[in-house]
Every structure is written in C-alpha cells, then in structure tokens.
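If you want the building blocks of each chain, they are given just below.
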Amino acid sequence: MTEPAVSTDSSIAPPPPTAMWEDALDIYYAPRQVFERRRDGKYLIVLLILCALTLVIYFLSIQFNEAVADAEFTRAMAKQTQQLTPEQMASARAFAEKVKNTIVYFIPFGIALGVWVSGLIVMLLGNMMGAKLTFAQGTTVVILASMPELLGKVVVGAQGLFLDTSTVVSKYSFATSVSRFLSPESNSFLLKLGAVLDPFVIWGAVLLGIGVFVIGRMEKEKAAVLAIIHTLLIAMLIR
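Calculation criteria
- Residues numbered from 1 in each chain as written.
- Predicted model: local features only at pLDDT ≥ 70, side-chain atom pairs only at ≥ 80, totals over all residues.
- Heavy atoms only, no water.
- Helix = DSSP H or I, 4+ residues; strand = E, 2+ residues; numbered from the N terminus.
- Axes fitted to C-alpha atoms, helices over the stretch in contact; angles between N-to-C directions.
- Left-handed = near helix turned anticlockwise from the far one by under 90°.
- Contact = heavy atoms within 4.5 Å.
- Nonpolar A, V, L, I, M, F, W, Y, C, P; charged D, E, K, R; others polar.
- Buried < 20%, exposed > 50% of the residue type's maximum accessible area, 1.4 Å probe, protein only.
- Polar contact = N/O pair within 3.5 Å; in protein donor to acceptor, adjacent residues only side chain to side chain.
- Core = buried A, V, L, I, M, F, W, Y, C linked by side-chain atoms within 4.5 Å.

A. Representation of the environment of Val117 in the model. If you trace the backbone, Val117 turns up in helix H6 (residues 107-128). With 22 residues separating them along the chain, Val117 and Thr139 place their C-alpha atoms 8.4 Å apart.

Have a look at this one:
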C-alpha cells in the first residue's frame, strides 16, 4: 500500500505581510500573532503611529492637560515659597507658561527617546535572562505594548469633558490608577507604585511579557519576571 504523496510545491506564495497600522490595532486582541509577524524588529511606522495618536489625544485633552500643568506648578512653588522672592515666583510662572505652550512640539521627541531607552532596558534584561533580543526587537515590543496606555490616556482625558478640571491638584487627579486615591503629598515612591496599579499599565505589562516570550523565545516564567521588572523600573523613572 503506497503512502499519499506530500506536496512540496514551493511556488505557493506566503500570505502578504500585515501593514504596521493594522498591527497597532490587532495588538489589542491578537498580540501573539502580531509579535510573531514582527520578529524582524521593524518599528519605525508603528513609532510614528504612536507619536501621532499621542499628539491627537493630547490636543483633544488640552483642557485637562493644562489643568495638570498648572496644578503641578502650584504644588512645586508651594514648596519653594520661603526660598523664592515674589519676583522670582513671577519669573518662574512666566517661564512655566512658555514651557506649557511649547511642550507639544517636544512630545514626539520625548516619546521616541522614551521607547528607545525602554527598548534598551528590555534588550539588556532579556539577554541577561537568556533571551535573544536585538535593540530593534526590544523597541518593537515596547512600542506595541504601549498601545493600551493610549486607551488609558483617552479615558483620563475624556473625564475633563465631564468633571470640573478646577479640582485637579496633581497629575494623578483623574488617573485610572490607585494613585488617584492617594494624597498628592504622599511619598513619591508610593505614588509611583500606585500608578502601576492601573488596568491599562497592567495590560501593557502583559503585552510586554507576551512580546519577549514570542520574539525573544523566552520561557514564560522569565518573560513574566522581565515584564514586572521593566514595568517597575519605568514607573520609577517617568510615572
């Protein structure tokens, strides 16, 4: 009895690659497939998408963002009242207004710098833990894992349409994290730790773990540890 022949026709073309902008959407519900497709570490398009969406959300939430900037300045100046003269206070406020009006131009640079630093951390941690990650692959994982936080920014900014922004006393006032319920005068480490306890941050950490597991070919347990360490490190640096 003869065995059925197995087709070895190599002329069948593989399915066309998915566009990066589609991966920016698919990452929300099919992360493993997205990371499988992005093993090559080509991240420029999705980085531009991340920058563009962040700018759009920033402008749509401008009222809330300005309230946060004013609240943070007021808190900072309150701690310096005894050290600064009224003239110095006025000068500082004028400078803060200029920064507030120009900060939007630096958002893309800040995002790019942030993902590169974060991608470097992922690469170093991953390779220390047995992964095989390049800088480009680590950066790709970081960018794609950042997508849930865009939704978080939308939720936070949307509250400015319904809640009184004059009640904003810190950057955590409308946050979706535990830090929202802590006093803005609490220990900074506690506030940063509370900022990690946010559904969108946790979602991003899970995606990061999946990314290093798939692209870096790590063990699941090590990928989870890397994701936790990375999330805590970034929280201490920027949150």
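B. Just the packing of H6 against helix H7 (residues 135-145), in detail. Where H6 meets H7, the closest approach of the two axes is 7 Å, and the angle between their N-to-C directions is 115 degrees. In the packing of H6 onto H7, the handedness of the crossing is right-handed. Where H6 abuts H7, its residues Val115, Trp116, Ser118, Gly119, Leu120, Val122 and Met123 lie against Phe135, Gly138, Thr139, Val142 and Ile143. Considered class by class, the residues forming the contact of H6 with H7 number 8 nonpolar, 4 polar and no charged.

C. Structural detail: the side chain of Ser118. Here Ser118 is to be found in helix H6. The exposure class of Ser118 is buried, given its relative accessible area of 5%. Within the structure, Ser118 has its side chain in polar contact with the side chain of His230 (distance 2.5 Å). Once residues within four sequence positions are removed from consideration, Ser118 is found in contact with Val142, His230 and Ile234.

D. Quick look at the nonpolar core. Residues Val46, Leu47, Ile143, Met147, Leu208, Val212 and Leu226 are the most contacted members of the largest nonpolar core, which totals 41 residues. Going through the elements one at a time, helix H1 (20-26), helix H2 (31-37), helix H3 (44-60), H6, H7, helix H8 (147-159), helix H10 (199-215) and helix H11 (220-238) are the ones with two or more residues in this core. Setting aside chain neighbours within four positions, we find Val212 in contact with Val122, Leu133, Val141, Arg217, Met218, Ala223 and Leu226. Counting residues in hydrophobic clusters, the runner-up holds 7 residues, among them Ala67, Val68, Val156 and Phe174.

By themselves these figures say nothing about function.
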